[in-house]
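Coordinate analysis (summary)
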Amino acid sequence: MPPLLSEDLVFHLHGHRLLSLFRAYYRDRKWLKIRFPFAPNTSGVWGLAPITFLCKRMLIMALDRWIALILLGLCLAYGYTAWFTMDSGLAPFMQRNPIWPSTFPKILSVMGITASLIILLGLEKSEQKVGEIDYRRLGDYHLGQAIGLLALMILYALCLRPIGFLGATGGFLFLGAFILGERRWIVMVIVAAIAAGVVWYLVSEVLGIYMRPLPGFLGGFN
Amino acid sequence: MLEGLLIGLQTALSVQMLAMVIGGCLIGTFIGMLPGLGPMSIIAIMIPVAISLGDPAAALILLAGVYYGAIFGGSTSSILLNAPGVAGTVATSFDGYPMAKQGKAGKALTIAAIASFCGGTIGAILLMIFAPMLSSVALLFHSAEYFALMVVGLSAIAAFAGTGQVAKAFMMTTLGLIMATVGEGTLFSLPRFTMGIMDLQTGFGFITLAMAMFALPEALFLVLKPRDNSSGQSSEIKDLRITRAEARAIAPVIGRQSVQGFFIGVLPGAGATIASFLGYAVERNIATKDEQDQFGKGSIKGLAAPETANNAACTGSFVPLLTLGIPGSGTTAILLGALIALNVSPGPRLMIDEPQIFWSVIISMYIGNLVLLILNLPLIPYIAKVLSVPRNYLIPFIMFFTLMGAYIGQNNATELLILVGFGICATALKFADYPLAPLLIGFILGGLLEDNFARSMQLYDGVSFIWERPMTLGLLLIAAFLIVLPSWRARRARIRAAGIADGD
């Protein structure tokens, strides 16, 4: 009885180890066809079949494997730098040293590539478990609010210097509450203003770290 | 030891230090009570403040106070709301929350506070006994042994942190080590992997990374999935007293779990979570039949056991930090980062070179526990009001403090962009169930690991130190064993569960 639910299929496909990839290919071929009927049929071109299969597998790969793939790329780039490009500028006296600046990164790149391949190919079996937040149904959560707050943080980073601490912080706290759905305007303004003032006083006067409170044209220097 | 205690008392009993302990405990309790914010986030947020104090002893005392306070606050929220903010207090909610529902919230809090106090205090006494012993052994260590010890610590963390997912934890540790190599290396001070960006010349900021790994994802999770806070608000906190019979019932539990929790805490990677669950399980197994039925329905023993073990383990986790300079948990890793930023290198020489730091931390542990019991417990009904702060105001504040922490450390707005970028990456990693603590520990240990590796390579003119020094070889074998063992055991269990060897 072939599993037809997409979740089952995902679970099923994750349970393979490297050696049985090809057996999985022959068994899963027909189920993949149910899921992706429009994928090119490669049964005639034998050499391309495994590649198509891997591509299809990737389409239903879980997030942890996508991350492993990204990390694999990262480690490959890191390893390439460490093994091939880094030592070119090394002075002759440094080359007599038993350890080079690239030695440790070389070891790390091998470790990183191994670990990411283990995760990517699913050599270590692990049960699929849904964490605190099920990322497959990200839309069910307050995704808009989270993205809005992240955007606000970037805006804060860009505005902190030009606008000055008081304005940027007050604005951040006000807009943050606004994004989360608060609509009591007066309370929001008061809370944001008091908090910005108190924090500025603590950081600047008590801890002695200078932060420009006001925009440059209003007299804040730096 | 007595001499050391006096040095510690002298340092820790000044007005400033007492204020640090009390302030740290109160701040920790306040923030730790907010569901979803663990001690790691709180300590990460407090680090810039601690570093700008300038005095390492004061900084460490403040941060340790925050740590205890956060754990205490975490158990308060698991008792009152069934919303543990930290993994280490999950076991507390098994019996604490049923007690609160029966209207015995006050009693549950008192038992939790007494259990924490005893666990912490007995843990501190054990720390005082074992730390000097361990550090006198550690003085014999060579840089090759240090290298091997760090490898053991990192692999233990990888093996324990990812429950059943060693590959993921191993990946994260490696990623942390890789990130530590960005910037100017100690060897010849050559910039590495900076991609020509000037801001990366000094490497990634440790505070930025700590914020991005813990505080920001936790805040984002709070945004994405608001917790239901309404359920526990009705339980009023009153009647904080416990009877003599109850005290007699929990006394042996506390005694056993303090010792057990402490030794679990000393092991790298194990920490408070494992200690509390194990403590709960052990006490349930050795309890009498009718007491066993009470577990999970509001048993005082079931509440005292994880609380004691939790706190004793937190104290125990200071042993490897203070004697070897190798953190065994995410929290102690953050403390190590703060100490390095303050120009103190924890290790066996710490007790000789700067005894006032070592002993004042131990004394502040006693004081911190006392403060929690005497000051915090009566204040809990008032502190619990923080739970009614609307989330709409709370979350922007948490985010603002993470931003501020990263900014104060470097005074550089680019750092904030790095923070947000890493925060998004960390959230994605958290979605996919990658453990984040190994990454930070790897990042913090990366520099030290490479230094010691380079030193032993230079001394032995090659990697021969691995087989020429038996202790190094032994430690490295232990490390390899730690990585291989869990996956091997999981594999065997799977084969056994299936009855036959599984084909695919």
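Preceding block: the structure.
These numbers come from a predicted model, not from an experiment.

Here we look at the overall build of chain B
Looking only at helices and strands, chain B features 22 helices and two strands. Against the 2.2 N^0.38 benchmark of 23 Å for 504 residues, chain B shows a C-alpha radius of gyration of 22 Å, consistent with a compact globule. Overall size of chain B, expressed as C-alpha extent along the three principal axes, is 70 × 60 × 55 Å. Buried residues in chain B amount to 60% of all 504 residues. In the structure as shown, chain B presents an accessible area of about 18100 Å², 66% of it carried by carbon and sulfur atoms.

Some words on the packing of aromatic side chains
As enumerated under the stated definition, the model contains 25 aromatic pairs over all chains in all. Taking 5.4 Å as the distance between ring centres and 50° as the angle between the ring planes, the aromatic pair formed by Tyr80(A) and Phe84(A) counts as tilted. Separated by four residues within a single helix, Tyr80(A) and Phe84(A) lie in helix α4 (residues 63–85), roughly one turn from each other. Assessed through its relative accessible area of 62%, Phe84(A) is described here as exposed. Ring centres 5.9 Å apart and planes at 75° place the aromatic pair Phe141(B) and Tyr146(B) in the edge-to-face group. Like Tyr146(B), Phe141(B) is buried. One aromatic cluster is present, built from ring pairs that chain together Tyr156(A), Phe165(A), Phe172(A), Phe397(B), Phe400(B) and Phe401(B). The ring of Tyr434(B) carries the charged tip of Lys168(B) above its face, separated from the ring centre by 5.1 Å. Lying across the ring of Phe221(B), Lys430(B) places its NZ or CZ 4.5 Å from the centre.

Notes on the side chain of Thr308(B)
All names here are of chain B. Structurally, Thr-308 can be placed in helix α13 (residues 300–316). We classify Thr-308 as buried; its relative accessible area is 0%. Contact partners of Thr-308, with chain neighbours within four places excluded, come to Ala-115, Gly-119, Ile-254, Gln-257 and Ser-258.

What counts and what doesn't
Residues numbered from 1 in each chain as written. Chains lettered and ligands numbered in written order. Predicted model: local features only at pLDDT ≥ 70, side-chain atom pairs only at ≥ 80, totals over all residues. Heavy atoms only, no water. Helix = DSSP H or I, 4+ residues; strand = E, 2+ residues; numbered from the N terminus. Rg over C-alpha atoms; globule rule 2.2 N^0.38 Å. Buried < 20%, exposed > 50% of the residue type's maximum accessible area, 1.4 Å probe, protein only. Areas by Shrake-Rupley, 256 points an atom, 1.4 Å probe, with all protein chains shown as cover. Phe/Tyr/Trp six-rings, centres within 6.5 Å; stacked < 30°, edge-to-face > 60°. Lys NZ or Arg CZ within 6 Å of the ring centre and 35° of its normal. Contact = heavy atoms within 4.5 Å.

In short, geometric facts, not functional conclusions.
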